[in-house]
Amino acid sequence: MTAAPVLLELRNVACERDERFLFGQLNASFYAAQVVQILGPNGSGKTTLLRILAGVSKDFYGDIFWQSRPLKDAAWEYANDLLYLGHLPGIKKTLTPLENLRWYAAVQGGVADADLIRSLAEVQLAGYEDTPCYRLSAGQLRRVALARLAFSNAKVWVLDEPFTALDKSGVAELEARLAAHAADGGLVLVTSHQDINVPDLQWLNLLDFSVDAQSLNSREDAPYG
Amino acid sequence: MVKSSPLASSLFWATFKRDLVLAFRHKGDMLNPLVFFLIAITMIPLALGPEKAVLMRIAPGIIWVMALLATLLSLDSLFRSDFDDGSLEQLLIAPYPLTLSVMAKILVHWLATGLPLTLMAPLLGVMLSLPASAFAALCYSLLLGTAAMSLIGAVGAALTVSLRKGGVLISLIVMPLYIPILIFGASAVQTAALGEAYNMQLAVLGAGLAIALLLAPLAAAGALRVSVNA
């Protein structure tokens, strides 16, 4: 595993929300061909960490490196290599699944409609291409968002609770897709409260980096950023 | 199937097309400011009486004030649904300048509110017995003014998008910036109604639009980053 190149590296990352440190001194390296499940109880900062890693939130201390370059300098390359699926699926309910995917296809520079339709078929939504999304169930809506994985050319997938509302076969399909992405040399960072059944799954437990009140006092002197 | 051309697949056009489709599917949201504009102006002759002299005098001001309020009414929805469904985050992290995507959204907003308001205005001018000499001025001034208002309003909408009830705040932020547009817009129509040249007012409106075009998308993009970050 160590032979694989380091894609993302976190150095001394800390995050404060509402005058409370969610996590601190977070040092971690993420390699190609890895699936990492980020663990932690509710409110431990899983979503916050993913938002930081996705570049949505820039409100943190410490440094992040993308392929050994500081994220600030490599923001463009990183954005091109990133697929972020947030807690909110980013799907317009008034549009059809195909129209939704067309916008995401434009984000990565255009994908033929035939490929998008195939992607929808892969998440068991064949025949729903032109149904408005407000007619779909919660699980189907999640599947529309997950169809983005099927045509994505991004190296890094940052997925926040992607298993929500999926049925058993949907969970298995997604696990297979994550494993396939890792086998292709991609990196998957995922949060989930369920056990994920993927070979060579790694864990990052945010509780290991939680900050208690005592160490917080000593930390206030430490220079961050 | 052929891969679409680089221009057609750029995120600017994708966002523009998507938002235009959304605007037409949410017809109620689109019609709301227009119906307000129509009804509010229809009320004026009913309330003040049909005296031509009175209506003629107040028509430029009334039409401009109502156009301003109608625009204000439509601002809150500019980024709201994107914020609620997570599309805004995706827009933020896309490898594409946020300023341009914001520009696409503002353009759709103007096409869905500012342009129809401008097209409706002459009709309402007839209702308020606006002199014939003022119709061109009304259209030109509204064309420039509503575009500037969409641009400036986007900054207010971006600043307040993360607040649950941002409606009042938008008005407070945006109103002072709308006042110069209102003054010069109404003045252009007033001057034209008196049969005089209104080039100066149009030039000022045009200059305002040019400045807004340069700065507002930048400011709105910055404000969106702050709003989503919080």
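Basis of the calculations
- Residues numbered from 1 in each chain as written.
- Chains lettered and ligands numbered in written order.
- Predicted model: local features only at pLDDT ≥ 70, side-chain atom pairs only at ≥ 80, totals over all residues.
- Helix = DSSP H or I, 4+ residues; strand = E, 2+ residues; numbered from the N terminus.
- Rg over C-alpha atoms; globule rule 2.2 N^0.38 Å.
- Buried ≥ 20, exposed ≤ 12 C-beta atoms within 10 Å, placed from the backbone.
- Contact = placed C-beta atoms within 7 Å.
- Pairing = 2+ DSSP bridges.
- Axes fitted to C-alpha atoms, helices over the stretch in contact; angles between N-to-C directions.
- Nonpolar A, V, L, I, M, F, W, Y, C, P; charged D, E, K, R; others polar.
- Expected span 1.5 Å × (residues − 1).
- Arc of directions from axis to C-beta.
- Core = buried A, V, L, I, M, F, W, Y, C linked by C-beta atoms within 7 Å.
- pLDDT = per-residue confidence, 0-100.

Asker: Requested: an account of the overall build of chain B, with residues and values cited.
Answerer: Each helix and strand in chain B was counted, giving 10 helices and zero strands. Of the regular secondary structure in chain B, the N- to C-terminal order runs α-α-α-α-α-α-α-α-α-α. What you see for chain B is a C-alpha radius of gyration of 19 Å, in line with the 17 Å of a compact globule of 230 residues. With respect to the principal axes defined by its C-alpha atoms, chain B has extents near 60 × 35 × 35 Å. The buried share among the 230 residues of chain B stands at 49%. If you take every contact in chain B between residues at least 6 apart in sequence, the share linking residues at least 24 apart comes to 82%.

Asker: Could you give me a rundown of the environment of Ser169(A), with the residues and numbers involved?
Answerer: When you line up the elements, Ser169(A) lands in helix H6 (residues 168-183). Between the C-alpha atom of Ser169(A) and that of Gln124(A), which follows or precedes it by 45 residues, the distance is 10.0 Å.

Asker: Can you break down the sheet that holds strand E3 (residues 34-39) of chain A residue by residue, with the values?
Answerer: All names here are of chain A. An order of E6-E7-E8-E3-E9 is seen for the five strands of this open sheet, with the pairing classed as parallel. What marks the edges here is a single partner per strand, and that holds for strand E6 (82-85) and strand E9 (201-205). Neighbouring strand axes in the sheet, compared pairwise and without regard to direction, differ in orientation by 15 degrees on average.

Asker: For the interface of chain B and chain A, give the residues involved together with the corresponding values.
Answerer: Interface size is commonly expressed as the accessible surface area that is lost when the partners come together. Counting from both sides, the interface comprises 23 residues of chain B and, opposite them, 29 residues of chain A. The set of elements that each furnish at least two residues to the side of chain B that touches chain A consists of helix H2 (11-25), helix H6 (87-93) and helix H10 (199-229) of chain B. Of all the elements, H2(B) adds the most residues to the side of chain B that touches chain A, at six residues. Split by residue class, the side of chain B that touches chain A holds 10 nonpolar, eight polar and five charged.

Asker: How would you sum up unusual backbone geometry? Please name residues and give values.
Answerer: Phi is positive for Ala33(A), close to 60 degrees, though the residue is something other than glycine. Note on Ala33(A): 18 C-beta atoms within 10 Å, which makes it partly exposed.

Asker: For the sheet that holds strand E5 (residues 69-70) of chain A, give the residues involved together with the corresponding values.
Answerer: Residue and element names in this part refer to chain A. In space, the four strands of this open sheet follow the order E2-E1-E4-E5, with antiparallel pairing throughout. Every interior strand has two partners, whereas the edge strands, strand E2 (20-31) and E5, have only one. Direction of pairing for strand E1 (residues 6-17) relative to E2: antiparallel, over a ladder of eight bridges. Paired with Cys15 across the two strands is Phe23, which belongs to E2.

Asker: Give a detailed account of H2(B), specifying residues and quantitative values.
Answerer: Residue and element names in this part refer to chain B. Taking 1.5 Å as the rise per residue, H2 with 15 residues should run 21 Å; its terminal C-alpha atoms sit 21 Å apart, in good agreement. Of all the residues in H2, the buried ones are Leu11, Ala14, Thr15, Arg18 and Asp19. An end-on view of H2 places all buried positions within 120 degrees of arc, on one side of the element.

Asker: Break down the nonpolar core for me, citing the residues and quoting the values.
Answerer: Counting residues in each nonpolar core, the largest one holds 138 residues, and the members touching the most others are Val158(A), Ile63(B), Ala67(B), Ala154(B), Ala158(B), Ala220(B) and Leu224(B). Residue contributions to this core peak at 16 residues, all from helix H8 (residues 135-160) of chain B. Excluding anything up to four places from it in sequence, Ala154(B) contacts Leu78(B), Val102(B), Ile106(B), Ala216(B) and Ala220(B).

Asker: Please provide a residue-by-residue account of the confidence of the model for chain A, values included.
Answerer: Residues and elements named next belong to chain A. When the pLDDT values of chain A are averaged, the result is 88; 92% of them are 70 or greater. Least confident of the elements in chain A is helix H7 (residues 213-219), whose mean pLDDT is 50; most confident is strand E7 (residues 156-160), at 95. pLDDT under 50 marks residues 221-225. Its contacts with residues more than four places away, or in other chains, come to four contacts.

Asker: Can you explain the pairing of E3(A)? Please cite residues and give values.
Answerer: All names here are of chain A. Here five bridges tie E3 to strand E8 (residues 187-191), and the two strands are oriented parallel to one another. By the bridge assignment, Ile38 is partnered in E8 with Thr191. The sheet contact formed by E3 and E9 spans five bridges and is parallel. Its bridge partner being in E9, Val35 is matched across the sheet by Leu201.

Asker: So what about the confidence of the model for chain B? Which residues, and what values?
Answerer: Residues and elements named next belong to chain B. Per-residue pLDDT for chain B has a mean of 91; in total, 96% of the residues score no lower than 70. Across chain B, H8 holds the top mean pLDDT of 96, while helix H1 (residues 6-9) sits lowest at 48. Scored below 50 in pLDDT, residues 1-8 makes nine contacts in the model with residues more than four places away or belonging to other chains. Of the two predicted TM-score estimates for the complex, the pTM is 0.90 and the ipTM is 0.87.

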